[in-house]
Amino acid sequence: LFDGIYPFYLQQRKVSVFDVSTIIVIVVFLTFACSFLLIIPGIRGRARLYWTLRVLLSLVVGVVIVAVQFTGDWETGWVKANTSYKSFSRALVNVDIGLHVGLAGVNVTLMGNPVNQVNETINYNEHFAWSFDADYDHSYGEGLEKGLPSPILYVAEKFTMQSPCGVHRQYRISGHYASATLWVAFCTWLISNMLFSMPVLVYGGYMLLVTGAFMIFSLLSFSTVRNSPMCLIQFGTATLRTGYGGSFWLTLVIGLLCIVAGITVVTLHYFNLDLLKTFFDLREDKAEEHQEMTEVYVNSHFVNKGL
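Residue positions within a chain follow its written sequence, with the count starting from 1. Local features are withheld for residues below a pLDDT of 70 in this predicted model, meaning they are given only at 70 or higher, and side-chain atom pairs are given and counted only at 80 or more; totals for whole chains, interfaces and linings count all residues. Hydrogens and water molecules were not included; the side-chain quantities draw on all heavy atoms of the structure.

1. Notes on the overall build of the chain
Now for step 1: We count a stretch as a helix when DSSP gives it H or I for four or more residues in a row; a strand needs E for two or more, and each element gets its number in order from the N terminus. The helix and strand tally for the chain stands at ten helices and seven strands.
Now for step 2: Each residue is assigned to one of three classes by its accessible area relative to the maximum for its type, calculated with a 1.4 Å probe on protein chains only: buried under 20%, partly exposed between the two thresholds, exposed over 50%. Burial statistics for the chain: of 307 residues in total, 43% are counted as buried.
Now for step 3: Residue contacts follow a heavy-atom distance rule, with two residues in contact if any of their heavy atoms lie within 4.5 Å. Intrachain contacts of the chain at a sequence separation of at least 6 include 68% that bridge at least 24 residues.
Now for step 4: Residue-level accessible areas treat just the shown protein chains as cover; the underlying method is Shrake-Rupley with a 1.4 Å probe. Accessible area of the chain: about 17500 Å², with a carbon and sulfur share of 64%.

2. Considerations on the layout of surface pockets
Now for step 1: Using a 1 Å grid laid over the protein atoms alone, points where a 1.4 Å probe fits but cannot get out form a cavity; open sets with protein on both sides within 12 Å along at least 5 of 7 lines form a pocket; any residue with an atom within 4 Å of a point counts as lining. Grid points are joined across faces, edges and corners, and a volume is the space filled by probe spheres set on the points. Of the pockets and cavities examined, the largest pocket occupies roughly 700 Å³.
Now for step 2: Forming the boundary of the largest pocket are 26 residues, of which Arg54, Phe196, Leu208, Phe279 and Phe280 lie nearest the centre.
Now for step 3: Broken down by element, the lining of the largest pocket gets its largest block of residues, seven residues, from helix α2 (residues 47–67).
Now for step 4: Amino acids outside the nonpolar list (Ala, Val, Leu, Ile, Met, Phe, Trp, Tyr, Cys, Pro) and the charged list (Asp, Glu, Lys, Arg) are all regarded as polar, and Gly is one of them. Here the lining of the largest pocket is composed, by residue class, of 20 nonpolar, five polar and one charged.

3. Considerations on the confidence of the model for the chain
Now for step 1: When pLDDT is averaged along the chain, the result is 84, and 85% of the positions lie at 70 or above.
Now for step 2: Segment residues 8–12: pLDDT under 50, and 14 contacts once partners within four positions in sequence are set aside and those in other chains are kept.
Now for step 3: pLDDT is a per-residue confidence score from the predictor, ranging from 0 to 100. For the stretch residues 285–294, pLDDT sits under 50, and the model shows zero contacts to residues farther than four places along the chain or on other chains.

4. Some points on the pattern of salt bridges
Now for step 1: Should a side-chain nitrogen of Lys or Arg be within 4 Å of a carboxyl oxygen of Asp or Glu, the pair is scored as a salt bridge. This model, assessed by the stated rule, comprises one salt bridge.
Now for step 2: Ionic pairing is found between lysine 86 and glutamate 120, a salt bridge with its closest N-O pair at 2.7 Å. Here glutamate 120 lies in strand β4 (residues 120–129) and lysine 86 lies in the loop between β1 (75–84) and β2 (92–101), a separation of 34 residues in the sequence.
Now for step 3: By relative accessible area, lysine 86 is classed as partly exposed at 31%.
Now for step 4: Overall, glutamate 120 belongs to the partly exposed group, its relative accessible area being 23%.

5. Observations regarding the pairing of β4
Now for step 1: Pairing analysis gives nine bridges linking strand β3 (residues 105–117) to β4, with the strands arranged antiparallel. In the sheet register, valine 108 faces β4, and the bridge partner there is glutamate 126.
Now for step 2: What sits between β3 and β4 in their antiparallel hairpin is a turn of two residues, with valine 118 showing a positive phi close to 45 degrees. At least two bridges found by DSSP between two strands are what make those strands a pair.

6. Here's the deal with the state of the cysteines
Now for step 1: Put simply, a disulfide is two cysteine sulfurs that come within 2.5 Å. On inspection of all chains with the given rule, the structure shows one disulfide.
Now for step 2: Linked covalently through their sulfurs, cysteine 165 and cysteine 231 form a disulfide whose S-S length is 2.2 Å. In this structure, the disulfide formed by cysteine 165 and cysteine 231 twists by about -130 degrees around the S-S bond and is classed as left-handed. Here cysteine 231 lies in the loop between α6 (201–223) and β5 (233–235) and cysteine 165 lies in the loop between α4 (150–157) and α5 (168–197), a separation of 66 residues in the sequence.
Now for step 3: Since its relative accessible area comes to 13%, cysteine 165 is described here as buried.
Now for step 4: Exposure remark for cysteine 231: the relative accessible area of 25% places this residue in the partly exposed category.

7. A few points about the packing of α6 against helix α7 (residues 246–271)
Now for step 1: Between N-to-C directions, angles cover 0 to 180 degrees, with each direction set by a line fitted to C-alpha atoms, over the stretch in contact for helices. Axis separation between α6 and α7 bottoms out at 8 Å; the angle between their running directions is 155 degrees. Compared by their axis directions, α6 and α7 come out roughly antiparallel. As α6 runs across α7, the sense of the crossing is left-handed.
Now for step 2: Tallied by class, the residues present in the contact of α6 with α7 amount to 21 nonpolar, eight polar and no charged. Roughly parallel refers to an angle under 35 degrees, roughly antiparallel to one over 145, roughly perpendicular to one between 65 and 115, and oblique to any angle outside these ranges. Throughout, a crossing is termed right-handed when the near helix is turned clockwise from the far one, and left-handed when it is turned anticlockwise from it by less than a right angle.

8. So, the environment of asparagine 82
Now for step 1: Following the sequence through the fold, asparagine 82 ends up in strand β1.
Now for step 2: In this structure, the C-alpha to C-alpha distance between asparagine 82 and valine 93, residues eleven residues apart in sequence, is 5.5 Å.
Now for step 3: Among all residues touching asparagine 82, those that are not within four sequence positions of it are Val93 and Asn94.
Now for step 4: Throughout this description, a polar contact denotes any pair of N or O atoms lying within 3.5 Å of each other; where both atoms belong to protein, one of them has to be capable of donating a hydrogen while the other can accept it, and for residues adjacent in sequence the pair is counted only when both atoms sit in side chains. Of the polar contacts made by the side chain of asparagine 82, one reaches the side chain of asparagine 94; its length is 3.2 Å.

9. Topic: the packing of aromatic side chains
Now for step 1: Ring pairs are drawn from Phe, Tyr and Trp, using the six-membered ring of Trp, whenever the two centres fall within 6.5 Å, and their geometry is named by plane angle: stacked under 30 degrees, edge-to-face over 60, tilted for the rest. Tallying each qualifying case throughout the model produces 20 aromatic pairs.
Now for step 2: For the ring pair phenylalanine 128 and tyrosine 136, a centre distance of 6.0 Å and an interplane angle of 50 degrees mean the geometry is tilted.
Now for step 3: The class of phenylalanine 128 is buried, set by a relative accessible area of 2%.
Now for step 4: In this scheme, Lys NZ or Arg CZ marks a charge over a ring once it lies within 6 Å of the ring centre and within 35 degrees of the ring normal. Against the face of tryptophan 51 rests arginine 54, its NZ or CZ located 4.4 Å from the ring centre.
Now for step 5: Over the aromatic face of phenylalanine 279 sits the side chain of arginine 54, whose NZ or CZ is 5.9 Å from the ring centroid.

The structure is reproduced here in structure tokens:
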């Protein structure tokens, strides 16, 4: 303490939406996509278009399922306010305060308007984790010791276990269940790709339906926190209100895409199997088998004897 006040220290800051884990996931899937694009010229005819659509759509589904595990914008909110910057200080600053809730924790963003005020640069992105291997209250205590700005500590305090709001348990449990169901969706996505390559098309369609269902279940799990009363995050007359963020809506879109694709595959299997086989490049194999049997050599000696 410095004269009874926590001092300010320079600290490592975390990006509110993307982090290193998300970038690694995107790079891995981009590597798979680029590798496929290198071999796509070797596929002849219309099958080249079908292969491109199937592979790229499948990679998009996979990268979204994994990437949203590490993003921090499942629930977001912003507010512009005039508020105090430091404890025991009457100086007010004009800032934008953002709250970004992910499956593993929250990010609190503080950005000045302008950035340079009260002889300091106001530009913060602070992460507070509540995953199984992290202690949220410990992270909040470290923020107190570092002397984070008062608006960040005020928002982060709402999610502590000792807070009267009591939302820490709801957010943490719903985030864990949403993450678990997404990992199950990733496993069923892998199984669907294996079934399509065997090929067992109708069962691959069923697994796509299961993948979409588990993605929807993850959204339902996360949305349960919206049913619990949320404490007001008030800065003078301004109130910080949150709504579903980009990761939530992206997961919903991809989940619905999997359900629609699964229903399409199953429907074509029962009503137009030839079209389904054409899209999965299976009719050419049948044609080649029939073409090999077109040339038949007959011994005229047996034909003359009527055998």
